[in-house]
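# Tertiary structure, described
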Amino acid sequence: MQSREDEALARAAVDALTGQLALAPKPGLPDPRDLAARTTRVDHRALRWSAKALAPGLAAMAAAARRTGEPTPQLRAELGAIGRCAEHSLTLAGGGHRGALWALGLLVAAAALDPRAGAKDVAATTKRIAAHPDRRAPRRPSRGSSISATYGAAGARGEAKAGFPHVRRALDTLGTVRATGATETQARLDALLTVMSTLQDTELLHTAGPLGLRHVQAGARAILETGGTATEAGARALSAFDTDLHTRAWSPRGSAGLLAGALFLDSLPVSSPTPAA
């Protein structure tokens, strides 16, 4: 029974990631319009294939959390070890999704720790898991951690240690935009832009520097300030923004991974409040 629950969480996470991949138009990011994936040089079909390769690793993370039962240092170390194996599987399957693996792995583990928890409670639990250092991690710093140190950006680890605030903001935007009667695509695009408007994306800092990061954040905010992608002005601004980022070869990949995290949380069953005694 528990094995099926772990596999169900893993499938939900993979579905969230492939749902993010299917979204279009995503400014500066590969989507179904772009099977040659200009910014990543990875075929879009390969990105979908490699997303599915994450399922065994994510199920193993859920199983580790369920077995441990608490956000302990031991769980953090085990999740790190499983994640490194999953990264190897990603490489064999065509690459991509490393940032999404970090976010989805922690969120899946947090959801397994308390299957009754609501979406935002699951995000908060990741903060307790990520607070522990991964003592088995390679000593060599990653590019993301080096960029974070150089520019003082939170980076992927900072997001997790804060309980994924951008995932929670994207989740709020999904609910707000859906309530206006917009389409699901428009709600998801607005959620993506919400993340892009404030995220200190280390990938962008690496490729475009601080001025480029601010340019992307301002572009995303401008679309939201028109009323979002459901408006005629917002749709025009989105198209122009997409063209601009593809021309510059700037890819806000960190935002895409966090949107996948929000879509995963959005897929979880809504918990009923505990009745008052």
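Described in the following lines is the structure provided in the data block. (Residues numbered from 1 in each chain as written. Predicted model: local features only at pLDDT ≥ 70, side-chain atom pairs only at ≥ 80, totals over all residues. Heavy atoms only, no water.)

What follows concerns the nonpolar core. Soluble globular proteins: nonpolar side chains tend toward being buried together. Core analysis: the largest hydrophobic core is formed by 79 residues, its most contacted members being Leu58, Phe164, Phe264 and Leu265. At 13 residues, the largest contribution of residues to this core is made by helix H5 (residues 98–113). Not counting residues within four places of it along the chain, the set of residues in contact with Phe264 comprises Leu9, Ala12, Ala13, Ala16, Leu104, Leu107, Val108 and Ala111. (Core = buried A, V, L, I, M, F, W, Y, C linked by side-chain atoms within 4.5 Å. Buried < 20%, exposed > 50% of the residue type's maximum accessible area, 1.4 Å probe, protein only. Helix = DSSP H or I, 4+ residues; strand = E, 2+ residues; numbered from the N terminus. Contact = heavy atoms within 4.5 Å.)

A word on the layout of surface pockets. As a volume, the second largest pocket reaches approximately 240 Å³. Leu9, Ala111, Pro115, Leu268 and Pro269 are, among the 14 residues lining the second largest pocket, the residues nearest its centre. Looking at the lining of the second largest pocket, the elements with two or more residues in it are helix H1 (2–22) and H5. Top contributing element to the lining of the second largest pocket by residue count: H1, with four residues. Partitioned by chemical class, the residues of the lining of the second largest pocket number 10 nonpolar, one polar and three charged. (1 Å grid on protein atoms, 1.4 Å probe; cavity = no way out; pocket = protein on both sides within 12 Å on 5 of 7 lines; lining within 4 Å. Points joined across faces, edges and corners; volume = space filled by probe spheres on them. Nonpolar A, V, L, I, M, F, W, Y, C, P; charged D, E, K, R; others polar.)

Our focus in this paragraph is helix H3 (residues 55–68). When the terminal C-alpha atoms of H3 are compared, their 20 Å separation across 14 residues agrees well with the 20 Å that a helix rising 1.5 Å per residue should span. Taken together, the buried positions of H3 are occupied by Gly57, Leu58, Ala59, Met61, Ala62, Ala64, Ala65 and Arg66. Gly69 lies just past H3 and shows a positive phi near 80 degrees. (Expected span 1.5 Å × (residues − 1).)

Attention now goes to the packing of H3 against H5. Look at H3 against H5: their axes get within 8 Å of each other, and the N-to-C directions meet at 35 degrees. Our pair here, H3 against H5, has a crossing hand that is right-handed. Between H3, through Leu58, Met61, Ala62, Ala65 and Arg66, and H5, the contact on the second element is made entirely by Leu101, Leu104, Gly105, Val108, Ala109, Ala112 and Leu113. Considering only residue class, the contact of H3 with H5 consists of 10 nonpolar, one polar and one charged. (Axes fitted to C-alpha atoms, helices over the stretch in contact; angles between N-to-C directions. Left-handed = near helix turned anticlockwise from the far one by under 90°.)

Another aspect to go through is the pattern of salt bridges. Applying the stated rule across the entire model yields 13 salt bridges. In this structure, Asp134 and Arg84 form a salt bridge, with 3.0 Å as the shortest nitrogen-oxygen distance. With Asp134 in the loop between helix H6 (119–130) and helix H7 (143–151) and Arg84 in helix H4 (residues 73–93), the pair connects residues that are 50 residues apart, well separated along the chain. Given a relative accessible area of 14%, Asp134 falls into the buried group. The partner of Asp172 in a salt bridge is Lys120, and the shortest N-O contact between them spans 2.5 Å. Separated by 52 residues along the polypeptide, Asp172 in helix H9 (residues 165–179) and Lys120 in helix H6 bring together distant segments of the chain. Connected through shared salt-bridge partners, Arg178, Glu184, Arg188 and Asp266 make up one network. (Salt bridge = Lys/Arg side-chain N within 4 Å of Asp/Glu carboxyl O.)

This part covers unusual backbone geometry. For the bond from Ala24 to Pro25, the omega torsion is 0 degrees, close enough to zero to count as cis. Positionally, Pro25 belongs in the loop between H1 and helix H2 (44–52). The phi torsion at Phe164 lies on the positive side, around 50 degrees, for a residue other than glycine. Relative to the helices and strands, Phe164 is located in the loop between helix H8 (155–161) and H9. The class for Phe164 is buried, based on a relative accessible area of 0%. A positive phi angle, close to 60 degrees, is found at Ala249, a residue other than glycine. Along the polypeptide, Ala249 turns up in the loop between helix H12 (232–248) and helix H13 (253–267). Look at Ala249 and you get partly exposed, because its relative accessible area is 46%.

For His215, the location among the structural elements is in helix H11 (residues 202–225). His215 gets classed as partly exposed once you look at its relative accessible area, which sits at 31%. The spatial distance from the C-alpha of His215 to the C-alpha of Leu245 is 9.8 Å, given a sequence separation of 30 residues.

With 12 residues, H6 extends 17 Å between its outermost C-alpha atoms, agreeing within 8% with the 16 Å of an ideal straight helix rising 1.5 Å per residue. Here H6 has its buried residues at Val122, Ala123, Thr125, Thr126, Ile129 and Ala130. With its buried residues spanning 155 degrees around the axis, H6 presents them on a single face. (Arc of directions from axis to C-beta.)

Before going further, it helps to spend a moment on the packing of H7 against H11. It is at 8 Å that the axes of H7 and H11 come closest, and there the two elements cross at 55 degrees. Relative to H11, the element H7 is oriented oblique. Two packed elements cross with a definite hand, and for H7 against H11 that hand is left-handed. Residues Arg143, Gly144, Ile147, Ser148 and Tyr151 of H7 form the contact with H11, whose participating residues are Thr202, Glu203, Leu205, His206 and Pro210. Class assignment for the residues of the contact of H7 with H11 results in four nonpolar, four polar and two charged. (Parallel < 35°, antiparallel > 145°, perpendicular 65-115°, else oblique.)

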